[in-house]
Amino acid sequence: MQPIFVLVHSPSVGPSTWRPVAEHLTAAGYQVRVPSLLHIGAGAPPFWPRIVSAVRDDLRQVPADSPVTLVAHSNAGLFLPEIRSGLDHPVTSSIFVDAALPAQAGPTPVASPELLEFLRPMAVNGRLPRWTDWWDEADVTPMFSDPTTRQTVIEEQPTLPLSYYEQHIPVPDGWDDHSCSYLLFGPPYDDLASEARERGWRVAHLPGAHLHQIIDPAGTARHLVELAATT
């Protein structure tokens, strides 16, 4: 039975960052789910249980014996151990795409002290601007191939609370006892790709900016299929 690809977007952006890849995978004959995490910043912390619930709820209509491949982009990678632990479905593999890595054991901070120092002055009444508003235009422009896609992604972004980035995510023991792999787009995630390689994971490289999956969805989909096939 082919695993269902579950494409988990970064909570800093939205599900539209995965939809072009989902379309290519569907056209190739794969089942795909793209859970929405847009609501997870509502209410008080902790936020990570809402992420687990969102993915679990999205798979509610999928038979429990159906295998899944979890795919996480950016800081969604930190939540894959808890997502896997919270699912009834067997997870055959996890693929981290230009993503943050959970600790092999022990809680993992969502943001480094340096990032928190960068973010805190931006917060207004405890809430941050949209992710693309953190950066200069010169950094944002290369991430998009056309104005329509850019508008869709930017308008969809949530304004997350600062406390989202201040949380620590629990890491279940033995979470990486299955096939894990890493798809790198480019800096600054190259160091994380190197760490993944040191962990014994398969690492692939598709050069591009951090949202390269919306610029080259066909190439991204192809790499996901190849990495999932190494299970």
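Use the structure listed above.
It should be emphasised that the depicted structure is a prediction, and the values quoted were computed from it without experimental measurement.

The rules behind the values
Residues numbered from 1 in each chain as written. Predicted model: local features only at pLDDT ≥ 70, side-chain atom pairs only at ≥ 80, totals over all residues. Heavy atoms only, no water. Buried < 20%, exposed > 50% of the residue type's maximum accessible area, 1.4 Å probe, protein only. Helix = DSSP H or I, 4+ residues; strand = E, 2+ residues; numbered from the N terminus. Right-handed = clockwise from strand over helix to strand, strands pointing away. Pairing = 2+ DSSP bridges. Axes fitted to C-alpha atoms, helices over the stretch in contact; angles between N-to-C directions. Parallel < 35°, antiparallel > 145°, perpendicular 65-115°, else oblique. Left-handed = near helix turned anticlockwise from the far one by under 90°. Contact = heavy atoms within 4.5 Å. Polar contact = N/O pair within 3.5 Å; in protein donor to acceptor, adjacent residues only side chain to side chain.

### Observations regarding the pairing of strand 4 (residues 91–97)
Reasoning step 1: By the criterion of burial, strand 4 is predominantly enclosed, with 6 of the 7 residues buried.
Reasoning step 2: Handedness of the crossover joining strand 3 (residues 68–73) and strand 4 through helix 3 (residues 80–86): right-handed.
Reasoning step 3: Both strand 4 and strand 7 (residues 179–184) contribute to a ladder of 5 bridges, which runs parallel. The residue bridging S94 from the neighbouring strand is C180, located in strand 7.

### Examining the packing of helix 1 (residues 19–27) against helix 10 (residues 217–228)
Reasoning step 1: Where helix 1 contacts helix 10, the two axes come as close as 8 Å, and the packing angle between them is 60 degrees. One element, helix 1, and the other, helix 10, form an angle in the oblique class. The hand of the helix 1/helix 10 crossing is right-handed. Seen from helix 1, the contacting residues are P20, V21, H24 and L25; seen from helix 10, they are P217, A218, T220, A221, L224 and V225.

### Digging into the sheet that holds strand 1 (residues 4–8)
Reasoning step 1: Sheet architecture is open: 6 strands sit in the order 2-1-3-4-7-8, paired in parallel fashion. Bordering the open sheet on either side are strand 2 (32–33) and strand 8 (202–205), each of which pairs with just one other strand.
Reasoning step 2: Where strand 1 lies against strand 3, 5 bridges are found, and the strand directions are parallel. Across the sheet, the residue bridging to V8 is A72, located in strand 3.
Reasoning step 3: Across the sheet, helix 10 touches strand 1, strand 3, strand 4, strand 7 and strand 8, and the angle it forms with strand 7 is around 155 degrees.

### What about the side chain of T17?
Reasoning step 1: Tracing the sequence through the fold places T17 in the loop between strand 1 and helix 1.
Reasoning step 2: The buried category is assigned to T17, whose relative accessible area is 0%.
Reasoning step 3: A distance of 2.6 Å separates a polar side-chain atom of T17 from the backbone oxygen of G14.

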